[in-house]
Amino acid sequence: MQSTKASVDSLFINQSQLGRESFRAALHTSIDSLLDQWQKDQGPYSGILPGKLAASVESLFQLQPSGESMESVFQDIQQHLLPHLVDVSHPKCLAHLHCPPLIPALAAEVIVSSFNQSMDSFDQSGIASLVEEEILKWLCAKFSYGNLADGTFTSGGTQSNYMGLLLARDAFCENTWQWNVQQKGLPSEAHRMRILCSKNAHFTVKKSASQLGLGEQAVVLVETDEHHRMDLNDLKKKLVELKEQDLLPFAVVATCGTTDFGSIDPVRDVYDIVKPYGLWIHADAAYGGALVLSETYGNKLDGIELADSITIDFHKQFYQPISCGAFLLKDKRHFGLIHYHADYLNPKEDELDGILHLVHKSVQTTRRFDALKLLLSLRLIGEEGFGDIIDHTIDFAKDVAALIESNDHLDVINPEPEINAVVFRFKGADDINKIIHRTLFKSGAAVIAKTVVDGQTCLKFTLLNPRTTITHIEEILSDIVDIGIAHIQSGRVLR
């Protein structure tokens, strides 16, 4: 019996000396393995494609009936796993809206994971619920929301956009037909409901429409201008057309930071156009929301305080580990549209007694204490520190765009970056850009993005990492040009 207790004490966090020593040893082994891997500096990725990783995966799954030592397990981790993970903290990892995580946030992750709380009810979270609420108050104030505002932490932009359109749908049905969607499902006229967004809006607008029972056909795409922002004249035109077709526009999504270009729709102008129609305005600021901390570029979000709801992702320009996002609501009373009570979780008498249960304003039940990551980062870096990092990456993107523009072999699609994404292409046949993208990844020299603009394959640098230097960019561009020229000279085609 004693041996069984000793074994259990070594497996779980507890007050015993064995438990403390086991926890410390596990963390130290994990950290040492990571530091050994990063010391090698083998580039952002090994270059190995899925078909050749089967042996490594098989080695990781040599499970033993009675378990193994920490040392032997981490030998396999170091040999077969860590070399083949994409290193988002590497200065040449520039593909997606995928940030290097801040060290304070990683430290917070240990606390969050170790306590393993859930934020749905107070008896599962304790003070964590109050901390999350304070962070949300701070966020609402930063976005100039008033005293009625509130929010919730989410897994990211997909969930936040879904929540914005869910509440917009239910509020419209309640206001138009006195119809409670939560109780009755969709009304018979729901097939006429429409959502407007720019053609460069995030794919989750259509995804949300399909999940909300409206179908992708409910999403009306508005044209964009030369800066890839919502075209206001086409927005006006689409609203008139919808009225003529006896359709019911109920929401518009203003994108504050498109995925490809970081373009920001003019929220104030959108507000002026759609508010006479009574539309709900949802601002998808998953990418661009962090500009609220920038004194230099914060004005790019002009009018966002007019939106009825806002999406923010902290695992982008707030440099938090995935996942970490938030959904803000201008009028918290709309959370009542998704309010549920469960006797075992958030009974009504608890609410009357002032006990704080957060499940009532989230589409999730189990949620992590992600607010702690942001709190520790803010305490250690400060708002000014965040602003400086954001300003640096935007200024750096301008320098990178100018550098690319000066290269005779390359074309810049957005010579004046809105945030910190630069889209460009190697001149010549479209397939060459696909070859460049694949060759860089397979060589492990760099991880960059590939996208399509006006039917042409393009390359993209997403410059979130403040440690990326102009030398890193010069080296990648040199590789790009060399690959492009080599393939032109060889006459090879993409396989």
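See above for the structure.
All values reported here derive from a predicted model rather than from experimental measurement.

Focus: the overall build of the protein
Line of reasoning, step 1. Helix and strand counts for the protein come out as 16 helices and 12 strands.
Line of reasoning, step 2. Taken over C-alpha atoms, the radius of gyration comes to 25 Å for the protein, in line with the 23 Å a tight globule of 495 residues would show.
Line of reasoning, step 3. Principal axes of the C-alpha set define a box for the protein whose edges measure 75 × 65 × 40 Å.
Line of reasoning, step 4. The buried share of the protein, reckoned over its 495 residues, is 49%.
Line of reasoning, step 5. Put simply, 72% of the contacts in the protein that link residues at least 6 apart link residues at least 24 apart.
Line of reasoning, step 6. Looking at the protein as shown, the accessible area adds up to about 23900 Å², and 52% of this sits on carbon and sulfur atoms.
Line of reasoning, step 7. Across the protein, the centroid of the 44 positively charged side chains sits 4 Å from that of the 64 negatively charged ones.

Overview of unusual backbone geometry
Line of reasoning, step 1. With an omega of -5°, the peptide bond between Ile322 and Ser323 qualifies as cis.
Line of reasoning, step 2. For Ser323, the position within the fold is in the loop between strand 7 (309–313) and strand 8 (325–329).
Line of reasoning, step 3. In this structure, Asp246 is a non-glycine residue whose phi angle is positive, near 60°.
Line of reasoning, step 4. For Asp246, the location among the structural elements is in the loop between helix 11 (232–244) and strand 5 (248–255).
Line of reasoning, step 5. Positive phi, close to 60°, is recorded for Tyr319, a residue that is not glycine.
Line of reasoning, step 6. Positionally, Tyr319 belongs in the loop between strand 7 and strand 8.

What to know about the nonpolar core
Line of reasoning, step 1. Core analysis: the biggest nonpolar cluster contains 67 residues, and Leu139 and Ile310 have the highest contact counts within it.
Line of reasoning, step 2. The biggest single contributor to this core is helix 14 (residues 371–405), with 8 residues.
Line of reasoning, step 3. Beyond its immediate sequence surroundings of up to four residues, Ile310 is in contact with Phe143, Tyr145, His282, Ala283, Ala285, Ile304, Ala326, Phe327 and Leu328.
Line of reasoning, step 4. Core analysis: the second largest hydrophobic core is formed by 30 residues, Met163, Leu165, Leu329 and Phe335 among them.

Remarks on the sheet that holds strand 1 (residues 93–94)
Two modes of strand pairing occur in sheets, parallel and antiparallel, and in both the strands are linked by backbone hydrogen bonds.
Line of reasoning, step 1. Strands sit in the order 1-11-12-10-9 across an open sheet of 5 strands; the sheet is mixed. Here the strands that pair on one side only, and so sit at the sheet edges, are strand 1 and strand 9 (410–412).

Concerning the sheet that holds strand 8
Line of reasoning, step 1. Sheet architecture is open: 7 strands sit in the order 2-8-7-6-5-3-4, paired in mixed fashion. Edge positions in the sheet fall to strand 2 (150–154) and strand 4 (219–222), since each of these pairs with one other strand and no more. Neighbour to neighbour, the strand axes of the sheet diverge by 20° on average, direction disregarded.
Line of reasoning, step 2. Across the sheet, helix 8 (residues 157–177) touches strand 2, strand 3 (193–198), strand 5, strand 6 (280–285), strand 7 and strand 8, and the angle it forms with strand 5 is around 155°.

Considering a positive patch on the surface
Line of reasoning, step 1. Taken together, the side chains of Lys52, Arg438, Lys442 and Lys450 present a region of like positive charge at the surface.
Line of reasoning, step 2. Within the fold, Lys450 resides in strand 11 (residues 447–453).
Line of reasoning, step 3. Looking at Lys450, the relative accessible area reads 44%, which means it is partly exposed.

With respect to helix 4 (residues 70–81)
Every α-helix winds through 3.6 residues per turn, so residues three or four apart in the chain are directed the same way.
Line of reasoning, step 1. Between the first and last C-alpha of helix 4 there are 15 Å, a value that for 12 residues agrees with the 16 Å anticipated at 1.5 Å per step.
Line of reasoning, step 2. Every buried residue belonging to helix 4 is among Phe74, Ile77 and His80, and all of these are buried. Mapping the buried residues of helix 4 onto a view down its axis gives an arc of 150°, with all of them on the same face. Exposed positions of helix 4 whose direction lies more than 90 degrees from the buried face are Glu71, Gln75 and Gln79.
Line of reasoning, step 3. Packing partners of the buried residues in helix 4 comprise helix 2 (17–40) and helix 3 (54–60).

Conventions we followed
Residues numbered from 1 in each chain as written. Predicted model: local features only at pLDDT ≥ 70, side-chain atom pairs only at ≥ 80, totals over all residues. Heavy atoms only, no water. Helix = DSSP H or I, 4+ residues; strand = E, 2+ residues; numbered from the N terminus. Rg over C-alpha atoms; globule rule 2.2 N^0.38 Å. Buried < 20%, exposed > 50% of the residue type's maximum accessible area, 1.4 Å probe, protein only. Contact = heavy atoms within 4.5 Å. Areas by Shrake-Rupley, 256 points an atom, 1.4 Å probe, with all protein chains shown as cover. Lys, Arg positive; Asp, Glu negative; His and termini not counted. Charge placed at Lys NZ, Arg CZ, Asp CG, Glu CD. Core = buried A, V, L, I, M, F, W, Y, C linked by side-chain atoms within 4.5 Å. Pairing = 2+ DSSP bridges. Axes fitted to C-alpha atoms, helices over the stretch in contact; angles between N-to-C directions. Patch = residues over 30% accessible without salt bridge, like charges linked within 9 Å, V, L, I, M, F, W, Y side chains within 5 Å. Salt bridge = Lys/Arg side-chain N within 4 Å of Asp/Glu carboxyl O. Expected span 1.5 Å × (residues − 1). Arc of directions from axis to C-beta.

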